[in-house]
Amino acid sequence: MSTSQPTAERQPLWFLALFALAAGGGSIAYVPLLTVLLPLKITELTGSEDVPALAQVTFYGAVMASVANIAIGMLSDRSGSRLPWILAGLIGSSALLIAIDQASSLSELIIFTMLWQVALNMMLSPLFAWAGDCFPDEQKGSLGGALSLAPALGAIAGSFVTFEMLVPTGLRLEVVALLVVLLMSPVIVLGRGRVRPQLMQPRREEVETVRELSDRSTVARMWLARFLIQISEAGLFAFLLFWLRSIVEGFNENTAANIFSMVLVMSVPLALAAGRWSDREGRPILPLSFCAVLAALGLGTMAVATGLELAIAGYVVFGIGASIFLSLHTAQTLRVLPQPRHRGRDMGIFNLTNTVPSIVMPWLTLTLVPSFGFAALFGLFAGFALLAAALLAALRVRR
């Protein structure tokens, strides 16, 4: 099946680079907060009750993010312009990061976090929909490879702002907000006029029923495949340290963070190469299937590992496969969405694959790990990854 758009001029390298940096700024906006700074703030406010409080804040935040991403995506579709929404979200999310740092009670923290999620998604939802307005199909692989820089920058920023010799403890979230502004501003200032009119043309209404059903099946397969991989990603994101400590008691948290960052950094050149190959060969889905298999191989290795070396090797294989998959998938999703006029809304629906796993994954973990150990959890995740590979292998999306 082909889902190609009308031929549009490719974007210059400088704009691709600026967009990748903006996506990195978006990652910095939430990764340091959600992985390190928010748990520390909750511990400061609640003491020994920090775990249930963190679960409460995370749950309400994820629900708000799910709703806001879709709603704001729809509004940006209707307004016909993405940049004002991105700018408003940048200003609002930066201000609310500082407000979170000033929260004096758990209830205040929950309110500020929920408002921050609205502002964050006001920035991110139109940003990724805008990519579909600007980058033609022939450049989506390169776009996906460039987007792999975003999670790496988020992880590096988390390490940077928690290094006390560089950033004072009381200014961490202020520095995060400054970094986001510095990385997002160039594309907002220089990105005007980059929308390609050919990419905004609606499809003809007299589309054949078979084609329409085929398009819906492609979108559904892409959504489900990402959801399955994201469950594994969310599980390892939250429980990597606990798993490593089940193998080696007292495993250092800084070492775990360094492994996580190393995997993301290693993924960047590989994702760039895979994205460029998919553009050159006109095979946008094949790297996704391959990376899903690679993630399954890593998870299977983790399930059987009893020693630290094999466990870390398995995680590295999984992390690289999953990171490349998610970056390339974001860009290729823009290829298969059925109508440009609903691009923001539809990307918001795909964003549910990022937020829903964070809600359901803890319950899945609590069901399996106490009774069957991490091996059962990773075995299930490996099955999910293989199913994702199978769903995508049947697609025939070409340029």
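Use the structure listed above.
Residues numbered from 1 in each chain as written. Predicted model: local features only at pLDDT ≥ 70, side-chain atom pairs only at ≥ 80, totals over all residues. Heavy atoms only, no water.

Chemist: Would you mind showing me how to read the overall build of the chain here?
Modeler: In terms of regular secondary structure, the chain is built from twelve helices and zero strands. A compact globule built from 399 residues should have a C-alpha radius of gyration of about 21 Å, and the chain, at 20 Å, falls within 12% of that. Over its C-alpha atoms, taken along the principal directions, the chain stretches across nearly 60 × 45 × 35 Å. The 399 residues of the chain split such that 51% are buried. (Helix = DSSP H or I, 4+ residues; strand = E, 2+ residues; numbered from the N terminus. Rg over C-alpha atoms; globule rule 2.2 N^0.38 Å. Buried < 20%, exposed > 50% of the residue type's maximum accessible area, 1.4 Å probe, protein only.)

Chemist: What am I meant to see in the pattern of salt bridges here?
Modeler: Any two side chains of opposite charge can pair, given that their charged atoms come close. In total, this model carries eight salt bridges according to the counting rule given. Across the pair D133 and R343 runs a salt bridge whose closest N-O atoms are separated by 2.6 Å. Taken together, the residues D133 in helix α4 (residues 106-134) and R343 in helix α12 (residues 343-393) connect sequence positions 210 residues apart. We note a salt bridge from D346 to R345, for which the minimum N-O separation is 2.9 Å. Relative accessible area serves as the criterion here: at 27%, R345 is assigned to the partly exposed category. Within the structure, one salt-bridge network assembled from shared partners comprises D77, R82, D133 and R343. (Salt bridge = Lys/Arg side-chain N within 4 Å of Asp/Glu carboxyl O.)

Chemist: Mind showing me how you'd approach the nonpolar core here?
Modeler: If you look at soluble globular proteins, the nonpolar side chains tend to sit buried side by side. Grouped together as the largest cluster of nonpolar side chains are 113 residues, with contacts concentrated most on Y315 and F378. Of the residues forming this core, the biggest block, 16 residues, is contributed by α12. Ignoring anything within four residues of it in the chain, the contact list for Y315 reads L236, L240, W243, I259, F260, V263 and M302. (Core = buried A, V, L, I, M, F, W, Y, C linked by side-chain atoms within 4.5 Å. Contact = heavy atoms within 4.5 Å.)

Chemist: Mind showing me how you'd approach the packing of aromatic side chains here?
Modeler: The geometry of an aromatic ring pair is captured by the separation of the ring centres together with the interplanar angle, meaning the angle of the planes. This structure, assessed with the given rule, holds eleven aromatic pairs. Between F15 and W130 the ring centres are 5.6 Å apart and the planes differ by 90 degrees, which places this aromatic pair in the edge-to-face class. Of this pair, F15 sits in helix α1 (residues 13-46) while W130 is found in helix α4, placing the two residues 115 residues apart along the sequence. The class of W130 is buried, set by a relative accessible area of 2%. The interplanar angle of 80 degrees and the centroid separation of 6.5 Å between the aromatic rings of F19 and F128 together place this pair among those described as edge-to-face. Placement of F19 in helix α1 and of F128 in helix α4 is noted, with a sequence separation of 109 residues between them. According to the relative accessible area criterion, F19 is buried, its value standing at 1%. (Phe/Tyr/Trp six-rings, centres within 6.5 Å; stacked < 30°, edge-to-face > 60°.)

Chemist: Would you mind showing me how to read empty space enclosed by the protein here?
Modeler: To find the voids left in a structure, one rolls a probe of water-molecule size over its atoms. Counted according to the given criterion, the structure contains one cavity of 30 Å³ or more. Around the largest cavity, the lining residues are E233, L236, F237, F260, V263, L264, Y315, F318, G319 and S323. When residues of the lining of the largest cavity are traced back to their parent elements, those giving at least two are α8 (209-247), α9 (253-281) and α11 (308-336). The element that contributes the greatest number of residues to the lining of the largest cavity is α11, accounting for four residues. (1 Å grid on protein atoms, 1.4 Å probe; cavity = no way out; pocket = protein on both sides within 12 Å on 5 of 7 lines; lining within 4 Å. Points joined across faces, edges and corners; volume = space filled by probe spheres on them.)

Chemist: Looking at this structure, I do not really get the environment of R196. What am I missing?
Modeler: Secondary-structure assignment places R196 in the loop between α7 (172-190) and α8. In this structure the C-alpha to C-alpha distance between R196 and D133, which are 63 residues apart in sequence, comes to 6.2 Å. Beyond its immediate stretch of four places on either side in the chain, R196 contacts A8, E9, R10, Q11, P12, D133 and C134.

Chemist: It is not clear to me how the side chain of S93 should be interpreted in this structure. Could you clarify?
Modeler: Mapped onto the elements, S93 comes out in helix α3 (residues 83-102). The contacts of S93, once residues within four sequence positions are left out, are W116, A119, L120 and M123.

Chemist: Just checking my understanding: could you explain the packing of α1 against helix α5 (residues 140-147) for this structure?
Modeler: Two numbers describe a pair of packed helices, the interaxial angle and the distance between the axes. Axis separation between α1 and α5 bottoms out at 9 Å; the angle between their running directions is 40 degrees. Our classification of the angle between α1 and α5 gives oblique. In terms of crossing hand, the pair formed by α1 and α5 is right-handed. In this structure, α1 contributes L16, F19, A20 and A23 to the contact, and α5 contributes S142, L143, A146 and L147. In terms of residue class, the contact of α1 with α5 is built from seven nonpolar, one polar and no charged. (Axes fitted to C-alpha atoms, helices over the stretch in contact; angles between N-to-C directions. Parallel < 35°, antiparallel > 145°, perpendicular 65-115°, else oblique. Left-handed = near helix turned anticlockwise from the far one by under 90°. Nonpolar A, V, L, I, M, F, W, Y, C, P; charged D, E, K, R; others polar.)

Chemist: Help me understand the packing of α3 against α7, please; the structure alone is not making it clear to me.
Modeler: It is the contact of α3 with α7, at a shortest axis distance of 9 Å, that shows an interaxial angle of 175 degrees. The orientation of α3 relative to α7 falls into the category roughly antiparallel. Listed contacts from α7 to L83, I86, L87, L90, S94, L97, I98, I100, D101 and Q102 of α3 are L173, E174, V176, A177, V180, V181, M184, S185 and I188.

Any functional reading would require information that these geometric values do not contain.
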